[in-house]
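Descriptive analysis of the structure
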Amino acid sequence: MVLLLIGVLAGVAVGGSVSAASSTKVTWKVSLLRAGEAKNLLVVVSTNSPGVKTWSESGTCTLTPSRKPTKLTMGATGSCMLTLKIAESKYYPAKTSRQMITLFAPTTTVAPTTTVAPTTTVAPTTTVAPTTTVAPTTTLSAACVTNGVCNVGDEGPGGGKVFYYSATAFTSTGSTCNTNCHYLEAAPSDQSTGIVWATTDAMCWNSSSNNNNCQEYSIYSPYDTPNQSDSRTAAVAIGKGMSNTNKAHMLMTGTGQAPTSSYAAGIAWAYANNSKTDWFLPSKDELNELCKYARNTGQASGGAIECTGGSSPTSRGFASSSYWSSSELDGNFDSAWYQNFSVWQSDGSKVNAMYVRPVRAF
């Protein structure tokens, strides 16, 4: 089946003159996908040619929608061969490029047969008496609750669980800690099990005006410093969740008059617990750290290390479902980043309904 996509992929400038090019360049950015994982085609590949694009696929993956596809979805088994044909344009020659997309299969689970045989255990008479077991309440740090020194897993000042620590201070503009933040804590429970990222009765930005619905356009202005694209790119980092949340609230509720209960960032913005009101919807990288804690993966921190492995998130009070981040996808106004705690990280349409777990910095 052959599908047609007309437009300019990421990496091609729009407007102005185009210099002559010696060749048409195609850069594939994705080679592995999990079963059921979906990626916007702008994320999968980029090219310098504005020529007409023709897509085809074989294997277990699918391209959607059927006319002018914008998204690739991986099947449950096998692999996928994706073909992109670019027609000749005024300055760029025709080109055909192919990429094999392989199904990602986690292999980190330890086999049960590696456990020590029961016959090697110490005789029951030497077992420490049950009364010496450390009570669960000892994981709570009184010093942490009063904004002292905390460990990951402690109860934080907001009554949630501390899931991230940085020895180097980070900035969370709008949080009480401001430029001297070291910790992130998550609310004790999910505050929604299915809410859209954005509302239609809002005032988000296209390339020039802010009278557009936020399900299709950006919370970042083209007049922001840095510019609109760079603002969305930077908005994925640790410390950006609060500013993303405040921007979404300002445009959807402050200007657009949407109830805070009608969109993900609004729910997080309105949340309060343990006398703390500076909660927010986590950024892409903050949500990735929360996934590492929820699954107890033991991985190092950092957005470049994607949450994987570990155990079921239900053991730490999280769902094996998809949670919204507050970070938009750069290059596609109608999508935002989310994290499935089962686990994978991807982008999705802002009209999808997903879970919300507020966090705060201190």
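Above this text is the structure in question.
The structure contained in this document is the topic of the report that follows. (Residues numbered from 1 in each chain as written. Predicted model: local features only at pLDDT ≥ 70, side-chain atom pairs only at ≥ 80, totals over all residues. Heavy atoms only, no water.)

**A look at the packing of aromatic side chains**
Here is the rule we go by: By convention, a stacked pair of Phe, Tyr or Trp rings (six-membered ring in the case of Trp) has centres within 6.5 Å and planes under 30 degrees apart, an edge-to-face pair has planes over 60 apart, and any other such pair is tilted. The numbering of helices and of strands both runs from the N terminus, where a helix is a DSSP run of H or I of at least 4 residues and a strand a run of E of at least 2. For the exposure calls, accessible area comes from a 1.4 Å probe over protein chains only, and a residue counts as buried if that area is under 20% of its type's maximum, exposed if over 50%, partly exposed in between. Consider the ring centre and the ring normal. A charge sits over the ring if Lys NZ or Arg CZ is within 6 Å of that centre and within 35 degrees of that normal.
Under the definition given, this model contains eleven aromatic pairs. Relative to Trp-55, the ring of Trp-28 lies with its centre 6.4 Å away and its plane at 85°, an arrangement referred to as edge-to-face. Here Trp-28, found in strand β2 (residues 26–28), pairs with Trp-55, found in strand β6 (residues 53–59); they are 27 residues apart in sequence, far enough to count as distant. Residue Trp-28 shares its accessibility class with Trp-55, and that shared class is buried. Seen from the ring of Trp-337, Lys-284 lies directly overhead, with NZ or CZ sitting 4.8 Å from the centre. Over the ring of Tyr-293 we find Arg-316, and its NZ or CZ is 4.4 Å from the ring centre.

**Considerations on the pattern of salt bridges**
Stated formally: Salt bridge, as used here: a side-chain nitrogen of Lys or Arg that lies within 4 Å of a carboxyl oxygen of Asp or Glu.
For the structure on display, the rule yields seven salt bridges. One salt bridge connects Glu-185 with Arg-360, and the closest N-O pair in it is separated by 2.8 Å. Of the two residues, Glu-185 is situated in strand β12 (residues 178–186) and Arg-360 in strand β18 (residues 359–361); the sequence distance between them amounts to 175 residues. Of the two residues, Glu-185 and Arg-360, both sit in the buried class. We note a salt bridge from Asp-190 to Arg-357, for which the minimum N-O separation is 2.8 Å. Note that Asp-190 is positioned in the loop between β12 and β13 (192–195) and Arg-357 in the loop between β17 (354–356) and β18, a separation of 167 residues in sequence. When its relative accessible area of 3% is taken as the criterion, Arg-357 is described as buried. The network of salt bridges with common partners includes Glu-185, Asp-278 and Arg-360.

**Section: the state of the cysteines**
Heads up, the rule is: To count as a disulfide, a pair of cysteine sulfur atoms needs to be within 2.5 Å.
Applying the stated criterion across every chain, the model contains five disulfides. Bonded cysteines in the protein chain are paired 1-2, 3-4, 5-6, 7-8, 9-10 when counted in the order they occur along the chain.

**What about the sheet that holds β18?**
To keep things clear, this is the line we draw: DSSP bridges decide pairing: two strands pair if at least two such bridges lie between them. In this description, a line fitted to the C-alpha atoms serves as the axis of each element, helices being fitted only across the stretch in contact, and the angle between N-to-C directions of two axes falls anywhere from 0 to 180 degrees. Contacts are assigned to residue pairs that have any heavy atoms within 4.5 Å of one another.
Strand order in the open sheet formed by three strands is β11-β12-β18, with antiparallel pairing between adjacent strands. The open sheet has two edge strands with one neighbour each: β11 (161–172) and β18. Averaged over all pairs of adjacent strands, the angle between strand axes in this sheet comes to 20°, irrespective of strand direction. Both β11 and β12 contribute to a ladder of six bridges, which runs antiparallel. Within β12, the residue paired with Lys-161 across the bridge is Ala-186. Contacting β11, β12 and β18, helix α6 (residues 284–295) runs over the sheet at an angle of about 145° to β11.

**Re the nonpolar core**
This is how the line gets drawn: By nonpolar core we mean a set of buried residues, namely Ala, Val, Leu, Ile, Met, Phe, Trp, Tyr and Cys, connected to one another through side-chain atoms within 4.5 Å.
Counting residues in each nonpolar core, the largest one holds 26 residues, and the members touching the most others are Trp-197, Ile-219, Met-252, Leu-281 and Trp-324. Leave out the neighbours within four places in its chain, and Trp-197 touches Ile-219, Met-252, Tyr-263, Ala-264, Leu-281, Trp-324, Ser-325, Ser-326, Glu-328, Ala-336, Lys-350 and Asn-352.

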